[in-house]
Amino acid sequence: MRILLANTAAYPVIGGVENSLRFIGRELLQAGHEVRIFCLQMAPSEPLRMEYEGIVIVRQPYQPSRWPHARLRGTVAAAREGSRPIIDDFKPDAVWSRSAPMGQGIRDGGYRGPLLQIFPTNSRMNCRGQYLQTRGLPWKRRLLLMALWPLAYFPSARLERSLARQSTAVAFSENMRKQLVGGFPRGARKCHVVAPGVDSELYSPEHGARYYPRLARDFQLFPGDPTVLYVGRLSISKHIPMLVDAMTLLKVPARLVLVGAGPDEANLRAYAERKGLSSRVLFAGSQGEMLPGFYAISRVSVLPTTTESFGQVYLESLACGTPAVGFAGDGDRVLTATSEILRDGETGGVATRVSAAALAEKIDAILALDDVTYETMSVRARAVARADYSWRSFVDRALAISVSPDGILM
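Conventions adopted
Residues numbered from 1 in each chain as written. Predicted model: local features only at pLDDT ≥ 70, side-chain atom pairs only at ≥ 80, totals over all residues. Heavy atoms only, no water. Helix = DSSP H or I, 4+ residues; strand = E, 2+ residues; numbered from the N terminus. Rg over C-alpha atoms; globule rule 2.2 N^0.38 Å. Buried < 20%, exposed > 50% of the residue type's maximum accessible area, 1.4 Å probe, protein only. Contact = heavy atoms within 4.5 Å. Areas by Shrake-Rupley, 256 points an atom, 1.4 Å probe, with all protein chains shown as cover. Lys, Arg positive; Asp, Glu negative; His and termini not counted. Charge placed at Lys NZ, Arg CZ, Asp CG, Glu CD. Pairing = 2+ DSSP bridges. Axes fitted to C-alpha atoms, helices over the stretch in contact; angles between N-to-C directions. Patch = residues over 30% accessible without salt bridge, like charges linked within 9 Å, V, L, I, M, F, W, Y side chains within 5 Å. Salt bridge = Lys/Arg side-chain N within 4 Å of Asp/Glu carboxyl O. Phe/Tyr/Trp six-rings, centres within 6.5 Å; stacked < 30°, edge-to-face > 60°. Lys NZ or Arg CZ within 6 Å of the ring centre and 35° of its normal.

Draft legend 1. Expanded view of the overall build of the protein chain. Of the regular secondary structure elements, the protein chain holds 16 helices and 14 strands. Taking 22 Å as the expected radius of gyration for a compact globule of 410 residues, we find that the protein chain reaches 21 Å, a close match to that expectation. Taken along its principal axes, the extent of the C-alpha atoms in the protein chain is 60 × 50 × 40 Å. Expressed as a percentage of the 410 residues in the protein chain, the buried residues total 56%. Sequence-distant contacts in the protein chain: of pairs separated by 6 or more residues, those separated by 24 or more amount to 72%. Accessible area for the protein chain stands at about 17600 Å²; split by element, carbon and sulfur atoms hold 53% of it. Distance from the positive charge centre (50 side chains) to the negative charge centre (38 side chains) of the protein chain: 8 Å.

Have a look at this one:
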C-alpha cells in the first residue's frame, strides 16, 4: 500500500522531534509499504522537500497567526492547497492524519479515499488545558487566555464534528475515545481505540545507561539518587506547581528534574524559589538524544496533569524500567488515561485524589522501596511496555482499519 502520513510538523533533518510519525513511518517501510509525509513548513530553515530515513517529506509553506481561530483556518487552507499535488503525484491508497485541521484540509482538497484520522487529543481537552487551567499565572495573562478560549474551542469543536463524518477515527486510549464520541454528531463513524507504541530499544535501561557519564558531568545526576523526573511542556496547565508542592512534602529530600521547555519556565523558577526548593529543582531544558538517560537514571517519573489524552511519557518511562506516577479518577475533574497505562503498586503509582499530598504519597511509596522490590517493579514496568505497546502492533491494526469499508468517504 501507499500511505500518506499527515501532520502539522514532522521531524527535521537531524534528530526526530515528531517521534510517533517517525516510528509509524519506519514500521510501514519495514512492512514493505510506500510512505510519504505531508506537513507544514514551521520555520523558513525547514526544506520544502527532503528525504529522511528513506521517507520523502513534503512541506507546505505556512505562516501561523497569533489568534487561535485564524491559525486553525490557516492550517486547513494550507493543507487543502498543499495536499492536491501530493495526492495527484503519490496516489495514496490511504491517508493517515495525526492533525484534525490537516485531515479536514486534505478532504477539502478533494481526496475521497480512506482517511484514518488519529485524534491524539481533542478541542475540549486541549483548550481546557491551554486556556482555562492557568492558576499560578499573572492575572492579566489569565484573563487574556480565558478571553481567547471561545476563539479556540468552538471552531475546533465544529471542525472535529465535521471531520468525524468524513473519516475513520482512531484514539490512543479509551479515555480519548469517550471524549471524542461525546462530542461527535449522531451518525459519526465508530471510533477505534489503538494504543500507540514505544521504541523499547531506544527507551531502555541499557541504552539510557550510555548517557550516565554525561548526566553526571553536565547535571550532577547519579544512579541510585532519589531523583524525581518530569518530562513535558513547562506549562502551568500541566500542574507543575503542584508537583513542586509535593516535593516539599516528601519524607526523602529528593531532587526534581524538569526536562522540557515552555512559556512558563520563568514563573516556575520563581515558584520553586518561593518554596525554598531552588537547589533541589533542576531545569534541564529540552532533551533529545539523552532523554532515555534521564528516564533510566531517575527513581520515578511523574506526570501531574489532570487533562491528558494519553501520556506517551508513561510508556517511555516504563520502557526504561522507571516506575511512573500520575492522577486518575472519574468525572469531569480528571480526564486522563493514567489508569489504563499504570498499575498502582505494580508499575508505578496512581493517585485518585488531586492534591500535592496525594502525589507526594505515591512518590514516597516508590522512593521508599528496597532494592529488591524496586527491581521487581522495574522489571514489570519494562515487560508491560514491551508486551502491550509496540509501533508494529499499532501499524498492523491501523492498516486493517484503513482497508475496511468505513474508511472510504461515500
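Draft legend 2. Broad picture of the sheet that holds strand S9 (residues 227–231). An order of S11-S10-S9-S12-S13-S14 is seen for the six strands of this open sheet, with the pairing classed as parallel. The open sheet has two edge strands with one neighbour each: strand S11 (281–285) and strand S14 (348–351). Put simply, the sheet's adjacent strands are angled 20° from each other on average, direction ignored. As paired strands, strand S13 (residues 324–327) and S14 are joined by four bridges and run parallel to one another. Bridged to Gly-326 within S14 is Val-350. Contacts from helix H9 (residues 240–249) reach S9, strand S10 (255–259), strand S12 (300–303) and S13 within the one sheet, and its direction differs from that of S10 by about 165°.

Draft legend 3. Representation of a nonpolar patch on the surface in the model. Taken together, Leu-132, Trp-139, Leu-143 and Met-146 make up a surface patch of nonpolar side chains, about 450 Å² in accessible area. Here the nonpolar patch gets three residues from one element, more than from any other, and that element is helix H5 (residues 139–164). As for its position among the elements, Met-146 is in helix H5.

Draft legend 4. Quick peek at the environment of Trp-67. Residue position: Trp-67 is located in the loop between strand S4 (55–61) and helix H2 (68–90). According to the relative accessible area criterion, Trp-67 is partly exposed, its value standing at 38%. Distance in space between the C-alpha atoms of Trp-67 and Leu-151 is 7.8 Å, their sequence separation being 84 residues.

Draft legend 5. Just the packing of aromatic side chains, in detail. On inspection of all chains with the given rule, the structure shows ten aromatic pairs. Arranged with centres 6.3 Å apart and planes meeting at 35°, the rings of Phe-23 and Trp-391 form a pair that is tilted. Here Trp-391 lies in helix H16 (residues 391–402) and Phe-23 lies in helix H1 (residues 19–30), a separation of 368 residues in the sequence. For the pair Phe-23 and Trp-391, a shared accessibility class is recorded, and that class is buried. Three or more aromatic residues joined by ring pairs make a cluster, and in this case those are Phe-23, Phe-172, Phe-310, Tyr-389, Trp-391 and Phe-394. In this structure, Arg-66 packs its charged tip against the face of Trp-67, placed 5.0 Å from the ring centre. Stacked on the ring of Tyr-374, the Lys or Arg Arg-299 has its end atom at 3.8 Å from the ring centre.

Draft legend 6. Structural view of the sheet that holds strand S5 (residues 94–97). Across the sheet, which stays open at both edges, the eight strands sit in the order S3-S4-S2-S1-S5-S6-S7-S8 with mixed pairing between neighbours. The open sheet has two free edges, formed respectively by strand S3 (49–52) and strand S8 (191–193), since each of these has just one partner strand. Shown here is a sheet whose adjacent strand axes are inclined to one another by a mean of 25°, direction ignored. Bridging between S3 and S4 involves four bridges; their strand directions are antiparallel. Considered in S4, the bridge of Arg-49 is made with Val-58. Sheet contacts for H16: strand S1 (2–6), S5, strand S6 (115–119), strand S7 (168–171) and S8; angle to S5, the most-contacted strand, approximately 130°.

The analysis is restricted to geometry; functional conclusions fall outside its scope.
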